[in-house]
Structure formats: C-alpha cells, structure tokens
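Notes for the structure review
Given next are the chains, with one letter for each unit.
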Amino acid sequence: MAGILYVCATPIGNLEDITLRVLRTLQEVDVIAAEDTRQTIKLLNHYEIRTPLVSYHEHNKREKTGILVRRLREGENMALVTDAGTPAISDPGEDLVRACQDAGIEVTSLPGASAVITALALSGIHARRFTFEGFLPTDKKERTAVLERLAGSTCTTIFYEAPHRLAQTLRALAGAAGSDRPAAVCRELTKRHEEALRFTLGQAAAYYEEHEPKGEFVLVVGGADPEQLLQERQQAWREISLEQHMERYLSQGMDRKSAMKAVAKDRGVSKREIYAALLPE
C-alpha cells in the first residue's frame, strides 16, 4: 500500500504554536520533507524528535518531486513542512501536494499556524472577505495586474514582504490603491517583538522611509469603499460622450435598447435620461 503525505503546519515564531497532532505525526512518519532542514532541525531538536529529514525547496523541487512521490508509492509515510507556518501557501510544497494527488496518493492537512490568518486577526481590518496575494511579483506585467486588482477591490488584501523591499512595495500599493486606504503592517508575528501597526498606506510608506524595516512583514490592506469606487467608475464613464459609450455596446452586438440600459447603469443615471438625450422629440 502507498503511504500518506501529511501537510503539517509548524510555528511561525513561537515554538509552542504547534498542535499535539502535528508533533505525534512528525514522530511517527518515516521521513520529513522540509523546505529548509536547518530551520526544521531546530524544531525537531526542541521536541526531541529524531525522524530523518530530506530537503524539498524551490531550487530542487523538479528533481525531488518524483523521488518523493516514488517513496510514498513504495509505502513510506511522509510529513511535509515549510520554514514556518502552513506548507503550500506561497511555498513549493504545493507542487508535491499536486503531484501526490495526481498519482492517487492520499494527502491530508494538519492545520496550525499561518501568518496570513494571524496578521488578519491582529489587523482590526474587515475580515469577512479577503484575498491573499503573497509577495508582490517582480515581473512588471504581473505586478501591474496585481496592483490593478487591488485598486478595484472592495475586500481586504494581504501581502507578504521582505524588509529590504518593504518601502518600495508600500509606495506601489499607495500609488495604486490611494494613500488613504487603511492598512496594517505586521512584523515578527508570535515573536517577542511582534508589532501590528495601523496606518493609511500613505502614512505607512512615509513611516518606513524614515524607519528601517526589520523582520518579516505581512501587510493587510483594507478594501476600497464600494460607494466611492462606484462613483469613480461612473465619473470615468461620464468623461466620454453618450454616442461613444453607446458604440462600445453596439459594437459588441447588443441591441440599441439594451445598450441604452447598460449606459444608464454605467453612468448612474435613469434610463429615461439616456433615452431623452439620445432620442430627442
């Protein structure tokens, strides 16, 4: 019988933030696949766990994925851990999970610490709906797409960032979403010097121009005000003529009556007003 892959959440800072189930699993499996064995060995030594380790990270995942899947097929049980927190979240572990699922190998997830949820809970920013973007992409096209989504999003958005890029990222977020967008800058989560500072994006960008960022950061950015966003979109439509606006819909194959309704909705006015302007008596 094939083994089982256990996706195990480990502490993001405080070593006590680990479940009894994860500790038992780390002791019982045949091998632990770790993103950074140097980090994981500290955790294992703290809890006197002697299970063998194998490295599995971004730079060796192509060669190692098949090897680990084969070991699981041969009956070994395996734990997957990341540097800190839950594997497969902005982490190469997702490739191993997908490969196991494709191979018909059982995968189960053991929940625990997550920097995303920890920061969101600390932020005080609306948490009913949120998007996790991970690190802001370095690729210009992908970066632009993420910033455009942020500008038009009414839900909370969460980012990871390294200290040496923090100021630049905050400037980019403020430029895209507006300097008055609420934000929380969280650092060193669960550790002795944990902070969750509330700002606007503009204030955060200015603060970290003057203060050197230290530690790993999670940025929680509030969503745009829906009413304000609607007004901005309506105003943008009003900057083109009614005839141009109508032509956009007519060129898509929409009939004239439906196009008028769509134009009225875009501009935030009544259908009667559009009819009167386009079909004068």
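Residues numbered from 1 in each chain as written. Predicted model: local features only at pLDDT ≥ 70, side-chain atom pairs only at ≥ 80, totals over all residues. Heavy atoms only, no water.

What follows concerns the packing of helix H7 (residues 166-177) against helix H8 (residues 201-210). It is at 9 Å that the axes of H7 and H8 come closest, and there the two elements cross at 155°. With respect to H8, the element H7 is oriented roughly antiparallel. Where H7 crosses over H8, the two elements pack in a sense that is left-handed. When H7 is examined against H8, the residues Leu 166, Ala 167, Leu 170, Arg 171, Leu 173, Ala 174 and Ala 177 are found in contact with a partner set consisting of Leu 201, Gly 202, Ala 204, Ala 205, Tyr 208 and Glu 209. Here the residues of the contact of H7 with H8 sort into ten nonpolar, one polar and two charged. (Axes fitted to C-alpha atoms, helices over the stretch in contact; angles between N-to-C directions. Helix = DSSP H or I, 4+ residues; strand = E, 2+ residues; numbered from the N terminus. Parallel < 35°, antiparallel > 145°, perpendicular 65-115°, else oblique. Left-handed = near helix turned anticlockwise from the far one by under 90°. Contact = heavy atoms within 4.5 Å. Nonpolar A, V, L, I, M, F, W, Y, C, P; charged D, E, K, R; others polar.)

Counted according to the given criterion, the structure contains twelve salt bridges. Between Asp 95 and Lys 61 there is a salt bridge, with its nearest N and O atoms 3.1 Å apart. One end of the pair, Asp 95, is in helix H4 (residues 93-102); the other, Lys 61, is in helix H3 (residues 61-73), with 34 residues separating them in the sequence. According to the relative accessible area criterion, Asp 95 is partly exposed, its value standing at 22%. One salt bridge connects Glu 195 with Arg 187, and the closest N-O pair in it is separated by 3.5 Å. Here Arg 187 falls in the buried class, since its relative accessible area comes to 14%. In this structure, a network of salt bridges that share partners links the residues Glu 58, Lys 61, Glu 94, Asp 95 and Arg 98. (Salt bridge = Lys/Arg side-chain N within 4 Å of Asp/Glu carboxyl O. Buried < 20%, exposed > 50% of the residue type's maximum accessible area, 1.4 Å probe, protein only.)

A separate point is the side chain of Thr 10. Structurally, Thr 10 is set in the loop between strand S1 (4-8) and helix H1 (20-28). Those residues in contact with Thr 10 that sit more than four places away from it in its chain are Asp 17, Leu 43, Val 81, Thr 82, Ala 84, Gly 85 and Ala 113.

A word on the sheet that holds strand S8 (residues 182-187). The sheet built from five strands is open, its strands ordered S6-S7-S10-S8-S9 with mixed pairing. With partners counted over all chains shown, the strands left at the sheet margins are strand S6 (130-135) and strand S9 (195-200), one partner each. Neighbour to neighbour, the strand axes of the sheet diverge by 20° on average, direction disregarded. Summarising the sheet, S8 and strand S10 (residues 217-221) pair through five bridges and their orientation is antiparallel. Residue pairing for S10: Ala 184 is matched across the bridge by Val 220. (Pairing = 2+ DSSP bridges.)

So, about helix H10 (residues 242-250). In an α-helix there are 3.6 residues to a turn, and that puts residues three or four apart on one side. Turning to H10, its buried residues number three or more, namely Leu 242, His 245, Met 246 and Tyr 249. Projected down its long axis, H10 carries its buried residues within an arc of 95°, all on one side. For H10, the elements touching its buried residues are helix H9 (226-238), helix H11 (256-267) and helix H12 (271-278). (Arc of directions from axis to C-beta.)

One can find Asn 60 in the loop between strand S3 (53-55) and H3. What makes Asn 60 buried here is its relative accessible area of 9%. Only 3.2 Å separates the side chain of Asn 60 from the side chain of Ser 55, close enough to count as a polar contact. A polar side-chain atom of Asn 60 sits 2.8 Å from the main-chain amide nitrogen of His 57. (Polar contact = N/O pair within 3.5 Å; in protein donor to acceptor, adjacent residues only side chain to side chain.)

Nothing here speaks to function; it is all geometry.
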